[in-house]
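The lines below spell out each chain.
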Amino acid sequence: MGGHLPSHIAVIMDGNGRWAEGRGLPRTEGHRAGAEAVRRVITGCRAAGIRHVTLYAFSSENWGRPRKEIRHLFSLLKEFLGKEIPLMEGKGIALNVLGDTTALPPGARAAVTRGIRRTSGGKGMTLNLALNYGARAELVRAARSFVSEGASPGDVTEQSLAGRLDTAGQPDPDLLIRTGGECRLSNFLLYQCAYAELYFTPVLWPDFREEHLHAALEDYAARSRRFGRI
Ligand code: IPE
Ligand code: IPE
Ligand code: MG
């Protein structure tokens, strides 16, 4: 694949529920199939040489779903991390989390903390899992950190604000992919995606394969990013 490769890809993994409903299955089966797509995309991104990947796994608004579905999602997360962390360690992938993990079920939270610790030496790729993530809540946390440090107006710059976001130290996403056919951001990385190239596909997340990733990368490579210039 020629052209430019994004340094950072962010993905809104949407369509699990519809994938299951279309097959007469419970939504939970869609999430299980979605976890397989996560595995494929992590592998595909690592193989393509992408350095930062961010996956929107659970939004701060997803707490509004039925309790049973939420429980299932976090139990899938634990199962997923149990299998994937050793593989990620082997592939040099460092796990990181975006969002407020204090509200996660304790078992899922512990699995995330363990996973971050075990993969912290990974130098090949950073995998950010957005869990209980909402961009507005993230910005509020950043604003509060300025206040609690007694910052003065001049201390607040684009750089110091970015340094207080959950993505601190990482480049902004170059490419944002949303599967499932909806064309919206759903409170994802509102600050960081200021200049991201947006790619919407009707493919439901459990159907997303490496060929779809490559199609998105090719689309990205053909775009002209101007950042306000001519
Ligand atoms: C995305 O799939 C997964 C999460 C939000 C956790 P959905 O569960 O939103 O699937 P649809 O959009 O209802 O099809
Ligand atoms: C966005 O999908 C959140 C995740 C993929 C985790 P949603 O299904 O929650 O978004 P809306 O409700 O369609 O905006
Ligand atoms: Mg959805």
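For the structure given in this document, a descriptive report is provided here. Given the structure is predicted, the values throughout are model-derived calculations rather than measurements. (Residues numbered from 1 in each chain as written. Chains lettered and ligands numbered in written order. Predicted model: local features only at pLDDT ≥ 70, side-chain atom pairs only at ≥ 80, totals over all residues. Heavy atoms only, no water.)

A word on the nonpolar core
For step 1, the next point in the chain: The biggest cluster of nonpolar side chains holds 42 residues, and the ones touching the most others in it are Ile9, Leu55, Leu81 and Ile177.
For step 2, the next point in the chain: With eight residues, helix H3 (residues 67–91) is the largest single contributor of residues to this core.
For step 3, the next point in the chain: Setting aside anything within four residues of it in sequence, one finds Ile177 in contact with Ile9, Ala10, Val11, Ile12, Tyr199, Phe208, Leu213 and Ala216.
For step 4, the next point in the chain: Listed in part, the 12 residues of the second largest apolar core include Ala10, Ala130, Leu176 and Ala196. (Core = buried A, V, L, I, M, F, W, Y, C linked by side-chain atoms within 4.5 Å. Buried < 20%, exposed > 50% of the residue type's maximum accessible area, 1.4 Å probe, protein only. Helix = DSSP H or I, 4+ residues; strand = E, 2+ residues; numbered from the N terminus. Contact = heavy atoms within 4.5 Å.)

Structural notes on the packing of helix H2 (residues 27–48) against H3
For step 1, the next point in the chain: One can describe the packing of H2 onto H3 by two numbers: an axis separation of 10 Å at closest approach and a directional angle of 25°. Between H2 and H3, the interaxial angle falls into the category roughly parallel. Between H2 and H3 lies a crossing whose hand is right-handed. On H3, the residues touching Arg27, Thr28, His31, Arg32, Ala35, Val38, Arg39, Ile42, Thr43 and Arg46 of H2 are Glu69, His72, Leu73, Leu76, Glu79, Phe80, Lys83, Glu84 and Lys91.
For step 2, the next point in the chain: Considered class by class, the residues forming the contact of H2 with H3 number six nonpolar, four polar and nine charged. (Axes fitted to C-alpha atoms, helices over the stretch in contact; angles between N-to-C directions. Parallel < 35°, antiparallel > 145°, perpendicular 65-115°, else oblique. Left-handed = near helix turned anticlockwise from the far one by under 90°. Nonpolar A, V, L, I, M, F, W, Y, C, P; charged D, E, K, R; others polar.)

A short note on H2
For step 1, the next point in the chain: Spanning 22 residues, H2 covers 31 Å between terminal C-alpha atoms, matching the ideal 32 Å at 1.5 Å per step.
For step 2, the next point in the chain: Among the residues trailing H2, Gly49 stands out with phi positive, at a value near 90°. (Expected span 1.5 Å × (residues − 1).)

Some points on unusual backbone geometry
Peptide bonds are, in most cases, trans, and in most cases residues other than glycine have a negative phi.
For step 1, the next point in the chain: The phi torsion at Ser186 lies on the positive side, around 45°, for a residue other than glycine.
For step 2, the next point in the chain: In this structure, Ser186 sits in the loop between strand S5 (175–178) and strand S6 (197–200).
For step 3, the next point in the chain: Judged by its relative accessible area of 31%, Ser186 falls in the partly exposed class.
For step 4, the next point in the chain: Phi angles above zero are rare outside glycine, and Asn187 is one such case at about 65°.
For step 5, the next point in the chain: Take Asn187: it is sitting in the loop between S5 and S6.

Purely geometric stuff here, so don't read any function into it on its own.
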